Amino acid sequence: MKKVSIFLLISFLITSIFCSYPSSFAADAQYTGFKVNGRFLYDKNGEKTILYGINKMIIWTDIDGVPSYEEIAKTGANCVRIVWGISGAPDKLDKAIYNCRLNHMIPIIECHDATGDWSKLQTVVDYWVRPDVVEVLKKHQEYLIINIANECGQSVSDSDYKTGYNLAVSRMRTAGIHVPLMIDAPSYGQGIDSLQANGPSLTESDPDHNLLFSIHMWWPYEWGYTDQKVIDEIKQSVDMNLPLVVGEFGHEWDETANGGIPYKTIIEQCHLNQVGYLPWEWGPGNNPQTFLDMTTDSTFATLQGWGLEVCITNPHSIKNIAVRPASMLTDLPPPPTPTPYPAGNLALNKTIESSSDESADNSAKNAVDGSGDTRWASVSGRYDTEYLKVDLGAVCDVNRVVLHWEDAYATQYKILTSTDGTSWTTAYEQYNGKGGLDEINLSKTYSARYVKLECGQKINSQWGYSLWEMMVYGPSTATQAPTSTPTPTPQTGKTVSGYIRPDFDSTTSASEVKAGFKVELGGMSAVTDQNGAFTINNVPPESFVAMTLKVTKDGYLSRQITGVNAGDKIGTVNSPVEIWAGDISVNGTQDGSINMSDVIVLAKSFNAVSTDSKYVVACDLNKDNTINMTDVIILARHFNKTTSDYPAYVKTVS
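These numbers were taken from a predicted model, which means no experiment stands behind them.

### A look at the sheet that holds strand β2 (residues 40-42)
Pairing is antiparallel across the open sheet formed by three strands, whose spatial order is β1-β2-β3. Strand pairing shows two members of the sheet lacking a second neighbour, β1 (35-37) and β3 (48-49), which therefore form its edges. Looking at chain direction, β2 and β3 are connected through two bridges and run antiparallel. The residue bridging Tyr42 from the neighbouring strand is Lys48, located in β3.

Set out below in structure tokens:
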């Protein structure tokens, strides 16, 4: 039977070479990412993509999208509209976009600073065309969409609207930004007549002809809107071939008898007409319209009310209609490389005290851990003045302080120094702080064991003060070359390490096929390098309860190894854990079996090379940049096998 199965499999694939798998739109080599053609959006491989996703106020909540993106992804959404602003630092923008892509969703980054204010359109564009921001945008251009300005303008004439957006688009294209640009309607996003009147002209004027148009359907019954109005306006847009997206809508405008919005009709008509939609907003954080929060704590488990309906239960919900293009399921980009802080930081990993901590996750110690991904946040409104006080461990010469503020920065603050922690000298005062990376050269060199940051006024009274890092330098450390960091944080546990490789690769040399396997142990994880090696650090030691280690990668059957303890080594370079190839994801899901679904996916890309639009990375099992008979034979090797067919793994006691 096995020989017959393999023969039939290979025969099917050879036959499939002569079959045609046309795309409705051929990828254009001029563009590296998404492209609008007619009223539809296509990915880099020419796959039609309808945007069904969710709005998330990233810049005001979890600025890196953790854990929101992972939770939103559980709905099946294929995109996230990421609320951003001109205060957002490029490195934070980089991470916000990357983490969205990491969860296989299309990042739609929007700038909120011009909401309702037409005069600020070009100010927003000033941010997008900044060289450091353009560098980030180009890095992600294969999958990025930019919503130029959220709801820019109230009453804007057609002439001004076209002139303003023609200029905005031209400036962004000249800066080298060639991703699809999404343009909101005026009248706080609600003026669909303006989109219909001006959209075609704006598209024609765009050198790339790569524009989407977004209507925000805050259309309550109390303002005269009806279900029929939704039906008619979507139909009119479709009939005129306008690339329309419903970029925002909720279930109600206010909690009055007639404050409801025809949201069920919105999602139904969008689905029936292949128009994208993005409900507002994942939550929490809507204020005062808390009823718009789709979740109570930003987790999938707390999806509630209308949010649960729009995301999951309605026949036209995101879960039931969203499709993630194949290009978003593979080829993850490399993670952002953080910009290192200046070497010689006297405060690194030293004892620190705060007036208050917002939570255990945002405690004072985060401000001296050397990481730009962890922060201190004070309790909002608890004190008129909040402070951080770091003990340098000994009296030092201090002449420079660097503060890396999060968005909730202090506009007024002081730097104070002390040799004994009791008597303080004011070394610096700021009355008009701008946040960001704040480099402060003191007027002279101070002798200090203690340095205090005393915050007196916030940029936003809704939040406490928030700081990524507080760094202290002296004359002798100012020009030091990077060295190993002093007083490293001790390891809190042991490691679990080992080696993973595909069973068809029996070599011990480095190769691409051994790289990229995700190894998970509880909430901890690692990824194999080109030797197949992995290490999971800080696994709790002897008291650790044995857990299950899981190995996954698109194109391979997942494998689980039970009874793993802290300190275990799972496989060696000569005797690694072997994984079977052939389980290729379909619509973002692997089914735990190597079967005809995988055969069909491979057949569609047979004979494709890495530069072809139909090339699928997960189908190139031996990573020779061609999908050919070698890949067929590798898949056939374990055809009809499932995850449960793996032999039990026996740990070797060293």
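And the narrative resumes.
### What to know about unusual backbone geometry
At the junction of Val66 and Pro67, the peptide bond is cis and its omega measures out at 10° in the coordinates. Position of Pro67 among the secondary structure elements: in the loop between β4 (53-56) and α2 (68-73). Residues Gly283 and Pro284 are joined by a peptide bond in cis, for which omega reads -5°. By the element assignment, Pro284 lies in the loop between β11 (276-277) and α10 (305-313). At Asn349, a position not held by glycine, the phi torsion is positive, near 60°. Mapped onto the elements of the fold, Asn349 is located in the loop between α11 (318-321) and β12 (351-354). In this model, Asn625 sits at a positive phi of 70°, which is unusual for a non-glycine residue. On the secondary structure map, Asn625 appears in the loop between α12 (596-604) and α13 (629-636).

### Some details on the nonpolar core
Within the largest apolar cluster, 101 residues are counted, with the highest numbers of intra-cluster contacts made by Trp128 and Ile148. Core analysis: the next-biggest nonpolar cluster, separate from the first, contains 41 residues, Val539, Tyr556, Tyr615 and Val617 among them.

### Some remarks on the packing of aromatic side chains
Per the stated rule, a full pass over the model turns up 15 aromatic pairs. With centroids separated by 5.8 Å and ring planes inclined at 65°, the aromatic side chains of Trp118 and Tyr165 adopt a geometry described as edge-to-face. One end of the pair, Trp118, is in the loop between β6 (106-111) and α4 (121-128); the other, Tyr165, is in helix α6 (residues 158-174), and 47 residues separate them in sequence. Among the residues examined, Tyr165 registers a relative accessible area of 0% and is labelled buried. Summarising the aromatic geometry, the rings of Trp405 and Tyr413 are spaced 5.6 Å apart at their centres and angled 50° between planes, so their arrangement reads as tilted. Both residues of the pair, Trp405 and Tyr413, belong to the buried class.

### With respect to the pattern of salt bridges
This structure, assessed with the given rule, holds 20 salt bridges. Residues Lys139 and Asp94 are paired through a salt bridge, measuring 3.0 Å at the closest nitrogen-oxygen approach. Remark: Asp94 occurs in helix α3 (residues 90-102) and Lys139 occurs in helix α5 (residues 131-139); sequence separation between them is 45 residues. Looking at Asp94, the relative accessible area reads 9%, which means it is buried.

### Comments concerning α10
Among the residues of α10, those classed as buried are Trp306, Gly307, Glu309, Val310, Cys311 and Ile312. If you follow the buried residues of α10, they end up packed against β4, α9 (263-272), β11 and α11.

### Focus on α12
Of the positions making up α12, those classed as buried are Asp598, Val599, Val601, Leu602 and Ala603. Where α12 begins, one side-chain oxygen reaches toward the backbone nitrogen of Ser597, 3.1 Å away; that side chain belongs to Asn595.

### Structural notes on the side chain of Ser466
Within the secondary structure, Ser466 sits in strand β18 (residues 466-473). At 2.8 Å, the side chain of Ser466 forms a polar contact with the side chain of Arg375. Only 3.4 Å separates the side chain of Ser466 from the backbone oxygen of Trp376, close enough to count as a polar contact. Excluding its chain neighbours within four sequence positions, the residues that come into contact with Ser466 are Arg375, Trp376, Ala377, Trp405, Glu406 and Ala408.

### A look at the packing of α9 against α10
Close contact between α9 and α10 brings their axes to 11 Å; oriented N to C, the two are set at 10°. Here α9 lies roughly parallel to α10, going by the angle between them. Where α9 abuts α10, its residues Tyr263, Lys264 and Ile267 lie against Trp306, Glu309 and Val310. Of the residues contributing to the contact of α9 with α10, the split by class is four nonpolar, no polar and two charged.

### Section: the sheet that holds strand β5 (residues 79-84)
Pairing is parallel across the open sheet formed by eight strands, whose spatial order is β4-β5-β6-β7-β8-β9-β10-β11. In this open sheet, the two strands that pair with only one neighbour each are β4 and β11. α4 contacts β5, β6 and β7 (145-147) of the sheet and is inclined by roughly 130° relative to β6.

### Observations concerning the packing of α3 against α5
In contact at an axis separation of 9 Å, α3 and α5 are set at 15° when each is read in the N-to-C sense. The orientation of α3 with respect to α5, classified from their angle, is roughly parallel. α5 is crossed by α3, and the crossing has right-handed handedness. Mapping the contact onto sequence places Pro90, Leu93, Asp94 and Ile97 in α3 and Asp132, Val133, Val136, Leu137 and Lys139 in α5. Residue composition of the contact of α3 with α5, grouped by class: six nonpolar, no polar and three charged.

### A few points about the side chain of Asp206
Examined against the element boundaries, Asp206 turns out to sit in the loop between α7 (192-205) and β9 (211-216). With residues up to four places along the chain from it excluded, the contact list for Asp206 reads Val169, Arg173 and Leu211.

### Some points on the environment of Gln274
Tracing the sequence through the fold places Gln274 in the loop between α9 and β11. Taking relative accessible area as the criterion, Gln274 reaches 34% and is therefore assigned partly exposed. Distance from Gln274 to Ile321, taken between C-alpha atoms, is 9.8 Å for residues 47 residues apart in sequence. Ignoring any residue separated from it by four or fewer positions in sequence, one finds Gln274 in contact with Arg39, Phe40, Lys48, Ile50 and Tyr52.

### Side note on the pairing of strand β23 (residues 547-552)
Where strand β20 (residues 518-521) lies against β23, four bridges are found, and the strand directions are antiparallel. Within β23, the position partnered with Glu520 by the bridge is Lys550. As paired elements, β23 and strand β24 (residues 559-564) share four bridges and run antiparallel to each other. Looking at the pairing, Lys550 lines up with Gln560 of β24. Hairpin connection from β23 to β24: six residues lie between these consecutive antiparallel strands, with Gly555 at a positive phi of about 100°.

### Considering the environment of Tyr263
In this structure, Tyr263 sits in helix α9. Among all residues touching Tyr263, those that are not within four sequence positions of it are Phe249, Gly250, His251, Trp306, Glu309 and Val310. Only 2.7 Å separates the side chain of Tyr263 from the side chain of Glu309, close enough to count as a polar contact.

Thresholds applied
Residues numbered from 1 in each chain as written. Predicted model: local features only at pLDDT ≥ 70, side-chain atom pairs only at ≥ 80, totals over all residues. Heavy atoms only, no water. Pairing = 2+ DSSP bridges. Helix = DSSP H or I, 4+ residues; strand = E, 2+ residues; numbered from the N terminus. Core = buried A, V, L, I, M, F, W, Y, C linked by side-chain atoms within 4.5 Å. Buried < 20%, exposed > 50% of the residue type's maximum accessible area, 1.4 Å probe, protein only. Phe/Tyr/Trp six-rings, centres within 6.5 Å; stacked < 30°, edge-to-face > 60°. Salt bridge = Lys/Arg side-chain N within 4 Å of Asp/Glu carboxyl O. Contact = heavy atoms within 4.5 Å. Polar contact = N/O pair within 3.5 Å; in protein donor to acceptor, adjacent residues only side chain to side chain. Axes fitted to C-alpha atoms, helices over the stretch in contact; angles between N-to-C directions. Parallel < 35°, antiparallel > 145°, perpendicular 65-115°, else oblique. Nonpolar A, V, L, I, M, F, W, Y, C, P; charged D, E, K, R; others polar. Left-handed = near helix turned anticlockwise from the far one by under 90°.

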